[in-house]
Structure formats: structure tokens, C-alpha cells
Amino acid sequence: MNVIVSACAGDWMAVPLQHMTLPSGFAELALFASGVITLAFGIAIAYIAFRGYRRNASRPMLFLAIGFVLVIAIPGTLTYVLYVLVAVVGVGLPVDELVLAGLMQTSEIVGMACILYALLGQ
């Protein structure tokens, strides 16, 4: 196990580093595959909503498409791209985990607001 040693209030402590591996068991592979399927469905729904916007010039459909992209496509794509970079290629995370989590959460919140706006039909 990889360990990082740090000083905290004068005492030394060992904190285990997070270890990412490729999905090896059936359950891990099924979980990975279900995430990819969820991502594909989200992108398909966003595409259909965008086509509805272009066909009918319906502003709520545009916000619905944007919302699905922000809620599902962006966080899902970031998750799987970073998974491949870290677990498969072996590259370290390009940004701090807290910053990454904040960006993904912000994307989801703005996306939910877009979907809510679309459904309210303003």
C-alpha cells in the first residue's frame, strides 16, 4: 500500500493514498458498464431534446438538453476520462480532488436548475 507521511499539529501520521485499479471482478465490471450505459442514455436524451429544440424552436427543450448535458454528460465523461488516465495510463490527477468534485457538483446543480426551468415552462 502506498502511504504518504505528513505532520499534523506536531505529530507524524501516515495516511494511505487512494489506490485505483482496473475492474477485475464481475461486480466491478458490471458497475463500470452500468455507468457507461447511464452516460450513453443521458447523451441520447440530451440529443433528442436538442433535436426537438431545433425542430420546434422550443426554448424549454433547449434548456432540457443543456440540463441533461450538465447533469449526466459532463460529470460522467470527466469521471471516465480521469478513470482511464489514472487507472489505465497511470497518470496522476491533473487537479486536486476537491476542486474536481466541486466542478462536477456545480455542473450538476446548474444542470438541475436548467431542467427545472424547462419543466416549469416559463
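Whatever comes next refers back to the structure up there.
Residues numbered from 1 in each chain as written. Predicted model: local features only at pLDDT ≥ 70, side-chain atom pairs only at ≥ 80, totals over all residues. Heavy atoms only, no water.

Let's shift gears to the packing of helix 1 (residues 26-56) against helix 2 (residues 59-89). Packing of helix 1 against helix 2 leaves a shortest axis separation of 8 Å and a crossing angle of 155 degrees. When the axis of helix 1 is compared with that of helix 2, the two are roughly antiparallel. As helix 1 packs across helix 2, the resulting crossing turns out to be left-handed. Taken together, the residues of the contact of helix 1 with helix 2 sort by class into 20 nonpolar, 6 polar and 1 charged. (Axes fitted to C-alpha atoms, helices over the stretch in contact; angles between N-to-C directions. Helix = DSSP H or I, 4+ residues; strand = E, 2+ residues; numbered from the N terminus. Parallel < 35°, antiparallel > 145°, perpendicular 65-115°, else oblique. Left-handed = near helix turned anticlockwise from the far one by under 90°. Nonpolar A, V, L, I, M, F, W, Y, C, P; charged D, E, K, R; others polar.)

Attention shifts here to the nonpolar core. The tendency in soluble globular proteins is for nonpolar side chains to be buried as a group. If you look at the biggest cluster of nonpolar residues, it comprises 11 residues: A46, A49, F63, L64, A65, F68, L70, V71, C114, I115 and A118. Beyond its immediate stretch of four places on either side in the chain, A49 contacts M61, L64 and A65. (Core = buried A, V, L, I, M, F, W, Y, C linked by side-chain atoms within 4.5 Å. Buried < 20%, exposed > 50% of the residue type's maximum accessible area, 1.4 Å probe, protein only. Contact = heavy atoms within 4.5 Å.)

What follows is about the environment of A40. Here A40 is to be found in helix 1. A40 gets classed as partly exposed once you look at its relative accessible area, which sits at 46%.

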